[in-house]
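# Residue-level structural notes
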Amino acid sequence: QVQLVESGGGLVQAGGSLRLSCAASGRTFSIMGWFRQAPGKERVFVAHINWSGRSTYYADSVKGRFTISRDNAKSTSYLQMNSLKPEDTAVYYCTARTGDEFLEYREAGDYEYWGQGTQVTVSS
């Protein structure tokens, strides 16, 4: 079975950092990514990364603060979140897909597999 499992969420003060992890199993994914969903809001794109790690894309809201990476030997993606702001508070979802790794995938509907979500809360 295909499974994505997130970890690393928590509560942090504004300006702090968290590192999220997503362990994948059951399939090899050309693209791994992260979305987030704040209360009462739609799920929105955060970042994604291709197989080699050389192609990364970020939402404007997190660019320069968040870094996505992956370790293919561990089938794991990571989201390093620095300089966190209260508006970063959301449930963060790991996601993955197969297909053309050189295209951008910024819509939730572009992805087939999702983790359960991990809560990130940034206090002011």
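Quick note: structure is the one above.
Below: a short report on this structure. (Residues numbered from 1 in each chain as written. Predicted model: local features only at pLDDT ≥ 70, side-chain atom pairs only at ≥ 80, totals over all residues. Heavy atoms only, no water.)

## Digging into the overall build of the protein
The following threshold applies: Secondary structure elements follow DSSP: runs of H or I of four or more residues count as helices, runs of E of two or more count as strands, with numbering from the N terminus. Within these notes, the globule rule equals 2.2 Å times the number of residues to the 0.38 power, and the radius of gyration is based on C-alpha atoms. Working definition: with a 1.4 Å probe on protein chains only, accessible area under 20% of the residue-type maximum means buried, over 50% means exposed, and in between means partly exposed. We call two residues in contact when some of their heavy atoms are within 4.5 Å.
Secondary structure assignment for the protein yields zero helices and 11 strands. Taking 124 residues into account, the globule formula puts the C-alpha radius of gyration at 14 Å, and the protein, at 13 Å, falls close to it. For the protein, the spread of C-alpha atoms along the three principal axes comes to 40 × 30 × 25 Å. A total of 124 residues make up the protein; the buried ones form 44% of that total. Residue pairs in contact within the protein that sit at least 24 positions apart in sequence constitute 60% of those at least 6 positions apart.

## Some thoughts on the packing of aromatic side chains
Here is the rule: Here the aromatic set is Phe, Tyr and Trp, taking the six-membered ring for Trp, and pairing holds for ring centres within 6.5 Å; pairs whose planes are under 30 degrees apart are stacked, those over 60 apart are edge-to-face, and all others are tilted. For a ring to carry a charge above it, either NZ of a lysine or CZ of an arginine must fall within 6 Å of the ring centroid while also lying within 35 degrees of the normal to the ring plane.
Scanning all chains against the criterion turns up six aromatic pairs. Consider the rings of F35 and W114, whose centres lie 5.2 Å apart with planes at 70°: the pair is edge-to-face. Of the two residues, F35 sits in strand β4 (residues 31-37) while W114 sits in strand β10 (residues 113-114), which places them 79 residues apart along the sequence. By relative accessible area, W114 is classed as partly exposed at 25%. Here the aromatic cluster, defined as three or more aromatic residues joined through ring pairs, consists of F35, F45, Y105, Y111 and W114. Just above the ring of Y78 sits the side chain of R19; from NZ or CZ to the centre is 4.2 Å. The ring of W114 carries the charged tip of R43 above its face, separated from the ring centre by 4.8 Å.

## As for the pattern of salt bridges
Where we set the bar: Salt bridges, as used here, are contacts in which a Lys or Arg side-chain nitrogen is within 4 Å of a carboxyl oxygen on Asp or Glu.
Within this structure, the stated rule accounts for four salt bridges. Among the salt bridges present, the one from R36 reaches D88, with a minimum N-O distance of 2.9 Å. Within this pair, whereas R36 is found in strand β4, its partner D88 is found in the loop between β8 (76-81) and β9 (90-97), the two being separated by 52 residues in sequence. D88 sits in the buried class, given a relative accessible area of 1%. A salt bridge links D60 to K63; the shortest N-O distance between them is 3.1 Å.

## Quick notes on the sheet that holds strand β1 (residues 3-7)
Whether parallel or antiparallel, the strands of a sheet pair through hydrogen bonds between backbone atoms. Counted only if it meets this: A strand pair is defined by DSSP finding two or more bridges across the two strands. The axes are straight lines fitted to the C-alpha atoms, using for helices just the contacting stretch, and the angles between their N-to-C directions are given from 0 to 180°.
The four strands lie next to each other as β1-β3-β8-β7, forming an open sheet whose pairing is antiparallel. Unpaired on one side and paired on the other, β1 and β7 (66-71) mark the two borders of the sheet. Across this sheet, the average inter-strand angle for adjacent strands is 15°, counted without regard to direction.

## A short note on the side chain of T76
Short version of the rule: Any pair of N or O atoms that falls within 3.5 Å is considered a polar contact. Within protein, one atom must be able to donate a hydrogen and the other to accept it, and sequence-neighbouring residues count only if both atoms are side-chain atoms.
With respect to the helices and strands, the residue T76 is situated in strand β8. T76 gets classed as buried once you look at its relative accessible area, which sits at 9%. Here the side chain of T76 touches K74 through a polar contact of 2.8 Å, landing on its backbone oxygen. In contact with T76, other than residues within four places in its own chain, are S21, C22, A23, S69, R70 and D71.

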